[in-house]
2 protein chains.
Amino acid sequence: MLLSLAAASTAGQSPRHVSLVLTGGTVITMDASRRVLTPGAVAIDGATIAAVGSPADIAAGYSGDILDTTGDIVLPGLVNTHGHAPMVLYRGLADDLALMDWLQRYIFPAEAKTVSPEMVRIGTELAALEMIQSGTTTFTDMYYFEDDIAERARAAGLRGVLGETIIKFPVADAASPAESLARTEAFIKRFRGDPLITPAVAPHSAYTLDTATLLSCRDLAVKYDVPLLVHLAETQDEVRIIREASHRTPVGYLESIGFWAPHTVAAHGIWVDDADIAVLKARHVGVSHNPASNMKLASGVAPVPKYLAAGVALGLGTDGAASNNDLDMFEAMRQTAYLHKLESQDPRTLPAGLALELATLGGARVLGLEERIGSLEPSKRADLIIVGTNRARQTPLFDPVSQLVYATHGDDVKTTIVDGRILMKDRRVLSLDEGRVLDQARTFAEKVRVAVAR
Amino acid sequence: MLLSLAAASTAGQSPRHVSLVLTGGTVITMDASRRVLTPGAVAIDGATIAAVGSPADIAAGYSGDILDTTGDIVLPGLVNTHGHAPMVLYRGLADDLALMDWLQRYIFPAEAKTVSPEMVRIGTELAALEMIQSGTTTFTDMYYFEDDIAERARAAGLRGVLGETIIKFPVADAASPAESLARTEAFIKRFRGDPLITPAVAPHSAYTLDTATLLSCRDLAVKYDVPLLVHLAETQDEVRIIREASHRTPVGYLESIGFWAPHTVAAHGIWVDDADIAVLKARHVGVSHNPASNMKLASGVAPVPKYLAAGVALGLGTDGAASNNDLDMFEAMRQTAYLHKLESQDPRTLPAGLALELATLGGARVLGLEERIGSLEPSKRADLIIVGTNRARQTPLFDPVSQLVYATHGDDVKTTIVDGRILMKDRRVLSLDEGRVLDQARTFAEKVRVAVAR
């Protein structure tokens, strides 16, 4: 690409007109050779990356609106592989409780009384605002009224892999799993082929659905070739429940029933043994690691170095903000590095570059989107973020990748671009009315407060 | 206090004129009954808190410049109980290495070639800028040229407990421990009685000093009644070295030689057994817990719940930014809560309120300053911060304490006040020239880069 570019320039041909050229900053490409261009430039043509190279090469080959990124870091947008976006409305509602207490006294009553199309629309907009402001360009979601979530996410400009939660209890938008499956099929038909929204099938977990329903979910995912999202091996209670019923591990049980689809995304994957890891690898299951949620809820530590050694596709997630309590993928990177250094008793484990890879290309692979996103390469979708580096906390700057992982927060993201659309520029969100989104969330929070009042 | 206030008001007496009244926000007092006033107000008279109460009570009793904190949280300034401030200049210089590799290939060469009065002045100003911007009002320091550090910290307006590092190797400001002891005594004489700077004696550790020097350090701390700062039981290597030499644990060895002073502050305290914890309690040793450093360097997990159960004074620290990589005490709170929930396999462990207590009043106790700082109470020094709560990431707000610990960053601090002086107001730092501080740090970083170039 850059060779032909240089040739065009040498031959005196006029530069190709593109929509946007970012130039002057450090560009972390996450391409196959993991090039870091200091400085570098990216040419964006509509929704697509046209070229990545030195400022001089890009200037010679491309013309268009210039966005000067001098002093900043340009990198692929962050990919959040697990969450429940509207649950931002329950953020901090009740922390520091035993899991069952938290669920039964707060989350279930709050959900029973407040989950509605209005709630998910308000919650999705709040979550989208937070994600855009913290550099997440693709998110994964399992919740209710997923069509409303998809509409709001798409309007806000985010890329999403979204699936209606299918669970054995009656829920706000379905009286039964069969109804949720029907909603899911309609959702898939409505959104397949959408440039931003990838519809998915989202069975809650192996311990909250019967075998027949799990297989119906799998069949639906296969029929439409969409991702299959599931919670897997998150808690020791889950392991116990499944072992009592099937004498198997959660992974072993799902393997025994033939659950896996071509693109299965398993959230958490904490309580797995070596045989389970081999199964996940053999079945091409992607694992979403959610360190902050796993620590805060005391779920346990996923064997991330073992997954990596086995070649299991691995990405990072935040989980819902009711359990985390934010959607900051920079914190997910930092926690991942810290946690696995500590767990392995080796500070060389999970270096910064690997944490960044998991949050970008790794997440894209987990979601089956690695041909479209996860790195800055020609012909990929233009999902990228521009991060400032001028705060005291980030000074001096010896290594941009280390600085991103160990000293940078979501708040340092200046500009967020998805599919070539600028969603936030210099901290001003363009695709959402920030004041309105915050106001409606605060107003709705009063309903939540009343719902859990005792 | 408020009774007499109300009486004055009722009697129609004119309000007392004070320098500053903060009113309208949520006030987290950290007083004996842990009152959270929603809304509340704080009257500041010079360097001292005059009164804390409801906005109406304070308005009736006090007049002065009003700072409207509506929508914000007002809380005691954060107390960082362990660090090496000038090492911000080595932030991110070399991450993800084995400890000895990191020290021998990077940190020791960088220190040998760059530590100087100029370096510590530039580094202290950068660290002070970062601390003021992230709500730390008191910091603890062990480094070199400590008089220069004290001067710059005092000029920047921070409160500090500072001690010249005493170690068996020749260092930048002393050829021997004896020389460092002499420098320490001069430093104590110069700064004792200073309203902001508490001088301390800072022997590096039990494995980097001989018994005689450790006892000389103790004697000096006793002679001047100043804190004794020491690294303690940080790594398994330290335990092995001391066990080979003395057949004791690090704590057991220091107990056997009678090392403890009336105010000893032990940093890390990871590798301790139950007998060690009993010794630390009996000797009134305060422990500084540094979760981010301990995780990133894979040092281990301090038994924080055991310390708390035993009644050992416990505070939080960041450690130097070369190992952390920032000085954000909000992150220290969050990591402390997360880490000990995970370690204890119980999400109820270390609730948000306790994390906040450790970062404020707990730190004050560890440093022997609990009569002066750590809570918002009449007659204490006016060290407090005002934190914004209006970001998407902090919305909605159900519980201010949970929100501070689980969803707030240092960058959310709007205003920082130490000893009644406003060091930062609405994110504008008043006691330092931010541009100059950043520029001189970036310029100096080039010397560091050259020093470690191979």
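Please read these numbers as outputs of a predicted model, since none were measured by experiment.

1. Side note on the overall build of chain A
Part 1 of the reasoning: Secondary structure summary: chain A contains 16 helices and 19 strands in total.
Part 2 of the reasoning: Relative to the globule expectation of 22 Å for 454 residues, the C-alpha radius of gyration of chain A, 22 Å, shows essentially globular dimensions.
Part 3 of the reasoning: Taking all 454 residues of chain A together, the buried fraction comes to 63%.
Part 4 of the reasoning: For chain A, restricting intrachain contacts to residue pairs at least 6 apart in sequence, the fraction spanning at least 24 positions comes to 73%.

2. Describing the sheet that holds strand E1 (residues 16-23) of chain A
Residues and elements named next belong to chain A.
Part 1 of the reasoning: Here we have four strands laid out as an open sheet, ordered E5-E4-E1-E6, and mixed in their pairing. Pairing within the sheet leaves two strands with one partner each, and these edge strands are strand E5 (48-53) and strand E6 (62-68). In this sheet, adjacent strand axes meet at a mean angle of 30 degrees when their direction is disregarded.
Part 2 of the reasoning: Relative to E6, E1 runs parallel, the two sharing six bridges. Looking at the pairing, arginine 16 lines up with tyrosine 62 of E6.

3. Describing the domain arrangement of chain A
Residue and element names in this part refer to chain A.
Part 1 of the reasoning: Annotation of chain A at the domain level lists domain 1 (2-76 + 378-429) and domain 2 (78-366).
Part 2 of the reasoning: When each unit is reduced to the centre of its C-alpha atoms, the spacing between domain 1 and domain 2 is 30 Å.
Part 3 of the reasoning: At the level of elements, strand E16 (384-387), helix H15 (400-407), strand E17 (413-418) and strand E18 (421-425) are the ones that each hand at least two residues to the side of domain 1 that touches domain 2.

4. A look at the packing of helix H9 (residues 250-257) of chain A against helix H10 (residues 274-282) of chain A
Residue and element names in this part refer to chain A.
Part 1 of the reasoning: The contact between H9 and H10 brings their axes to 9 Å, and the two run at 45 degrees. In terms of axis orientation, H9 runs oblique to H10. Two packed elements cross with a definite hand, and for H9 against H10 that hand is left-handed. The residues of H10 that touch H9, namely those facing Val251, Gly252 and Glu255, are Asp276, Val279 and Leu280.

5. Comments concerning the nonpolar core
Part 1 of the reasoning: Counting residues in hydrophobic clusters, the biggest one holds 317 residues, and the most contacted among them are Val42(A), Leu89(A), Val42(B) and Leu89(B).
Part 2 of the reasoning: Excluding residues within four positions of it along the chain, Leu89(A) makes contact with Met119(A), Ile122(A), Gly123(A), Leu126(A), Ala441(A), Phe444(A), Ala445(A), Val448(A) and Pro396(B).

6. A few points about the relation of the copies chain A and chain B
Part 1 of the reasoning: Once chain A has been moved 0.0 Å along the axis and rotated by 180 degrees, it coincides with chain B to within an RMSD of 0.0 Å. In the structure described here, the two chain copies are related by an operation that fits a two-fold rotation axis.
Part 2 of the reasoning: The share of interface residues of chain A whose copies in chain B are also at the interface is 100%, consistent with both copies meeting through the same surface.

7. Some details on the sheet that holds strand E7 (residues 73-76) of chain B
All names here are of chain B.
Part 1 of the reasoning: Spatially, the seven strands line up as an open sheet ordered E3-E2-E7-E16-E17-E18-E19, and their pairing is mixed. If you trace the sheet from one side to the other, it starts and ends with strand E3 (36-37) and strand E19 (428-429), each paired once.
Part 2 of the reasoning: Relative to E3, strand E2 (residues 26-28) runs antiparallel, the two sharing two bridges. Paired with valine 27 across the bridge in E3 is leucine 37.
Part 3 of the reasoning: Set on the sheet, helix H15 (residues 400-407) makes contact with E2, E3, E7 and strand E16 (384-387); between it and E2 the angle comes to about 75 degrees.

8. Observations regarding the pairing of strand E5 (residues 48-53) of chain B
All names here are of chain B.
Part 1 of the reasoning: Judged by how many residues are buried, E5 sits mostly within the fold: five of six residues are covered.
Part 2 of the reasoning: Pairing between strand E4 (residues 41-45) and E5: five bridges, direction antiparallel. Bridge assignment links isoleucine 44 to a residue of E5, and that residue is isoleucine 49.
Part 3 of the reasoning: Hairpin remark: E4 followed by E5, antiparallel, with two residues in the connecting loop; positive phi at glycine 46, about 65 degrees.

9. Some words on the environment of Phe187(B)
Part 1 of the reasoning: Summarising the element assignment, Phe187(B) is placed in helix H6 (residues 177-191).
Part 2 of the reasoning: Setting aside chain neighbours within four positions, we find Phe187(B) in contact with Glu146(B), Asp147(B), Glu164(B) and Pro199(B).

Procedures and definitions
Residues numbered from 1 in each chain as written. Chains lettered and ligands numbered in written order. Predicted model: local features only at pLDDT ≥ 70, side-chain atom pairs only at ≥ 80, totals over all residues. Helix = DSSP H or I, 4+ residues; strand = E, 2+ residues; numbered from the N terminus. Rg over C-alpha atoms; globule rule 2.2 N^0.38 Å. Buried ≥ 20, exposed ≤ 12 C-beta atoms within 10 Å, placed from the backbone. Contact = placed C-beta atoms within 7 Å. Pairing = 2+ DSSP bridges. Axes fitted to C-alpha atoms, helices over the stretch in contact; angles between N-to-C directions. Domains from an automatic or database assignment. Parallel < 35°, antiparallel > 145°, perpendicular 65-115°, else oblique. Left-handed = near helix turned anticlockwise from the far one by under 90°. Core = buried A, V, L, I, M, F, W, Y, C linked by C-beta atoms within 7 Å. Least-squares fit on C-alpha atoms with pLDDT ≥ 70 in both.

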